[in-house]
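# Summary of the model geometry
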Amino acid sequence: MTVRRAEEGKPVQFNTRLNALFATRLPIVAGGLQWLSKAEYVAAAVNAGVMGFITAASFPDDATLRAEIRRCRELTGGRDFGVNVSMLPKLPSGDRTDRIIDIVIDEGVPFVETSGRSPELYVRRLHAAGTRIIHKVPAVRFARKAEAVGVDAVSVVGAECGGHPGMDLIGTFVQAAIAAKSLSIPLAVGGGVGTGAHLVAALALGADGVLIGTRFLVSAEIPAHPDYKRHLVEATETGTDLILASLRNTARVLRNETARIVRDLEIRGAGDIETLLPYVSGEVGREAYRTGKVSQGALSLGQSVVFADRVEPLADIVARIEREATDALDRLATQCGRVARENDHGL
Ligand SMILES: Cc1cc2nc3c(=O)[nH]c(=O)nc-3n(C[C@H](O)[C@H](O)[C@H](O)COP(=O)(O)O)c2cc1C
């Protein structure tokens, strides 16, 4: 991995294995977002120079998913983008994953982001069709397993992330450093990434790029009510809660009435799936995005919401991250330089 800069202050030209894999200008992955990463958002990501993924589970049937993929292709002018294939930890009966993989292949989608359980069953089929896989995991041991079954890249998320940070809750700084040493395929690190300085730090730790979800939620292209986005702009790093550990399915979500009730039920030992499901079902969350009434629903959200300071087009957020990366490199250049060793002067 190399990062080239012609001169201080000029934009950074990234040349990592991650942006080479996706052929993007920046080594940034905009992770799948249930109900939210639809064609407009994914196309905005791709057009801004980062890789984006339509979340297949947001579409109730094959026809609507196909239509969204085609719409996205139009909006990107034919540029590559991906589909997020979120799977449940155990293969349940009636699982749609097989059908989604068929559609991805049939539509010629070049990338998938898989998550939830090992994508082993699908690797051969996807590769035979020329589709590359980035698999997302909350712990390095799962990343090693994914590497062993042949995925093309992994993203490893730490405890700060929105969505599912896993059961071990290892922070991103620790996770990234271990992952970089343990893997030989391209690595994106996520969980709390919200600025260009985070990107530079991830590269310094040995990663090939970053994965971002939360920081992008306030982009104009996210299809959610303005009140939801305004709420995120106001939120700070303490604006999230961890719920559902009792079901061994920990989720980091917006701190709201639903999170409080679910946590109370879990503490009282009433955390069985039948009791909790009405509160955390995806449909309740979807309604909150639609109406902007954010007190209800388990709404995935990470600690990097603190960096979401205004609603603006995704391209502007990406441009700011790029400028911040340049500033971080300038700072590093003044903070630490190379010194000649005595021997270098023949002394
Ligand atoms: C609102 C929201 C919805 C998400 N939905 C999904 C999903 O459907 N599938 C998935 O694999 N990851 C999902 N994630 C996780 C993100 O793709 C990404 O891994 C995570 O947001 C990265 O950490 P960050 O939130 O600290 O940026 C979601 C995250 C958020 C914030």
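Rules used in this analysis
Residues numbered from 1 in each chain as written. Predicted model: local features only at pLDDT ≥ 70, side-chain atom pairs only at ≥ 80, totals over all residues. Heavy atoms only, no water. Phe/Tyr/Trp six-rings, centres within 6.5 Å; stacked < 30°, edge-to-face > 60°. Helix = DSSP H or I, 4+ residues; strand = E, 2+ residues; numbered from the N terminus. Buried < 20%, exposed > 50% of the residue type's maximum accessible area, 1.4 Å probe, protein only. Core = buried A, V, L, I, M, F, W, Y, C linked by side-chain atoms within 4.5 Å. Domains from an automatic or database assignment. Contact = heavy atoms within 4.5 Å. Pairing = 2+ DSSP bridges. Right-handed = clockwise from strand over helix to strand, strands pointing away. Salt bridge = Lys/Arg side-chain N within 4 Å of Asp/Glu carboxyl O. Patch = residues over 30% accessible without salt bridge, like charges linked within 9 Å, V, L, I, M, F, W, Y side chains within 5 Å. Areas by Shrake-Rupley, 256 points an atom, 1.4 Å probe, with all protein chains shown as cover. Near = heavy atom within 4 Å. Polar contact = N/O pair within 3.5 Å; in protein donor to acceptor, adjacent residues only side chain to side chain. Nonpolar A, V, L, I, M, F, W, Y, C, P; charged D, E, K, R; others polar. Buried area = accessible area lost by both parts, 1.4 Å probe.

## What to know about the packing of aromatic side chains
- Inspection of the entire model under this criterion finds 3 aromatic pairs.
- Judged by centre distance (6.3 Å) and plane angle (80°), the ring pair of Phe22 and Phe53 falls under edge-to-face. One end of the pair, Phe22, is in helix H1 (residues 17–22); the other, Phe53, is in strand E4 (residues 51–55), with 31 residues separating them in the sequence.
- The exposure class assigned to Phe22 is buried, which follows from its relative accessible area of 3%.
- Since its relative accessible area comes to 0%, Phe53 is described here as buried.
- Relative to Tyr289, the ring of Tyr228 lies with its centre 5.0 Å away and its plane at 75°, an arrangement referred to as edge-to-face. You can see Tyr228 sitting in helix H9 (residues 226–234) and its partner Tyr289 sitting in helix H12 (residues 282–291), a full 61 residues away along the chain. The exposure classification of Tyr228 matches that of Tyr289, with both residues buried.
- The rings of Phe22, Phe53 and Phe111 are connected pair by pair, giving a single aromatic cluster.

## Description of the nonpolar core
- One finds Ile28, Val154 and Phe216 to be the most contacted residues of the largest nonpolar core, which totals 82 residues.
- The residues that make up this core include at least three from each of domain 1 (2–220 + 308–333) and domain 2 (240–291).
- If sequence neighbours within four positions are ignored, Phe216 has contacts with Ile28, Ala30, Tyr41, Ile222, Leu314, Ile317, Val318 and Ile321.
- Membership of the second largest hydrophobic core comes to 13 residues, among which are Val29, Phe111, Ala153 and Ala188.

## Side note on the pairing of strand E7 (residues 132–137)
- Of all 6 residues that make up E7, 5 are buried, and the element is covered over most of its length.
- Relative to E7, strand E6 (residues 111–115) runs parallel, the two sharing 5 bridges. Residue pairing for E7: Thr114 is matched across the bridge by His135.
- With 4 bridges joining them, E7 and strand E8 (residues 153–157) adopt parallel strand pairing. Across the sheet, Val137 pairs through a bridge with Val156, a residue of E8.
- You can see the chain leave E7, run along helix H6 (residues 140–148) and come back into E8, and the turn it takes is right-handed.

## Structural notes on the pattern of salt bridges
- The final tally for this structure, using the stated rule, is 28 salt bridges.
- Between Arg99 and Asp62 there is a salt bridge, with its nearest N and O atoms 2.5 Å apart. On the criterion of sequence distance, the pair formed by Arg99 in helix H4 (residues 97–106) and Asp62 in helix H3 (residues 62–75) is long-range, its members being 37 residues apart.
- Of the charged contacts in the structure, one is a salt bridge between Asp309 and Arg215, with a shortest N-O distance of 3.8 Å. Remark: Arg215 occurs in the loop between strand E10 (209–212) and H9 and Asp309 occurs in the loop between H12 and helix H13 (314–335); sequence separation between them is 94 residues.
- Note on Asp309: relative accessible area 38%, which makes it partly exposed.
- Using a relative accessible area of 3% as the deciding quantity, one classes Arg215 as buried.
- Salt bridges sharing partners connect three or more residues here, namely Asp62, Asp98, Arg99, Asp102 and Arg125.

## Digging into a nonpolar patch on the surface
- Side chains of Ile170, Phe173, Val174 and Ile178 sit close together on the surface and give an oily, nonpolar patch of about 370 Å² of accessible area.
- Within the secondary structure layout, Ile178 lies in helix H7 (residues 172–182).
- A relative accessible area of 38% means that Ile178 is categorised as partly exposed.

## Looking at the site of the ligand
- In the vicinity of the ligand lie 21 residues, with Gly32, Ser86, Ser115, Lys136 and Thr214 positioned nearest.
- Take Gly162: an N or O atom from its main chain is 3.0 Å from an oxygen atom of the ligand.
- Taking Thr214, its side chain carries an N or O atom lying 2.6 Å from an oxygen atom of the ligand.
- Considered on its own, the ligand offers 600 Å² of accessible surface; in the complex 93% of this is hidden by protein.
- Elements supplying a minimum of two residues to the shell around the ligand: strand E5 (82–86) and E10.
- Partitioned by chemical class, the residues of the shell around the ligand number 6 nonpolar, 14 polar and 1 charged.

## A closer look at helix H2 (residues 39–47)
- Here H2 lies mainly inside the structure; 7 of its 9 residues are buried.
- The inward-facing, buried residues of H2 abut strand E3 (28–30), E4, H3 and H13.
- Once H2 finishes, Gly49 follows within two positions and takes phi at roughly 100°, a positive value.

## Quick word on the domain arrangement of the protein chain
- The domain boundaries assigned to the protein chain delineate domain 1 (2–220 + 308–333) and domain 2 (240–291).
- Facing 14 residues of domain 1, the contacting portion of domain 2 comprises 11 residues.
- Note on domain 1 versus domain 2: buried area summed over both sides is about 1,000 Å², and carbon and sulfur give 60% of it.
- When residues of domain 1 are sorted by the area they lose upon contact with domain 2, Trp35, His164 and Met167 head the list and together hold 55% of the total.
- Inspection of the region where domain 1 meets domain 2 yields 5 residue pairs in polar contact (both at pLDDT 80 or more).

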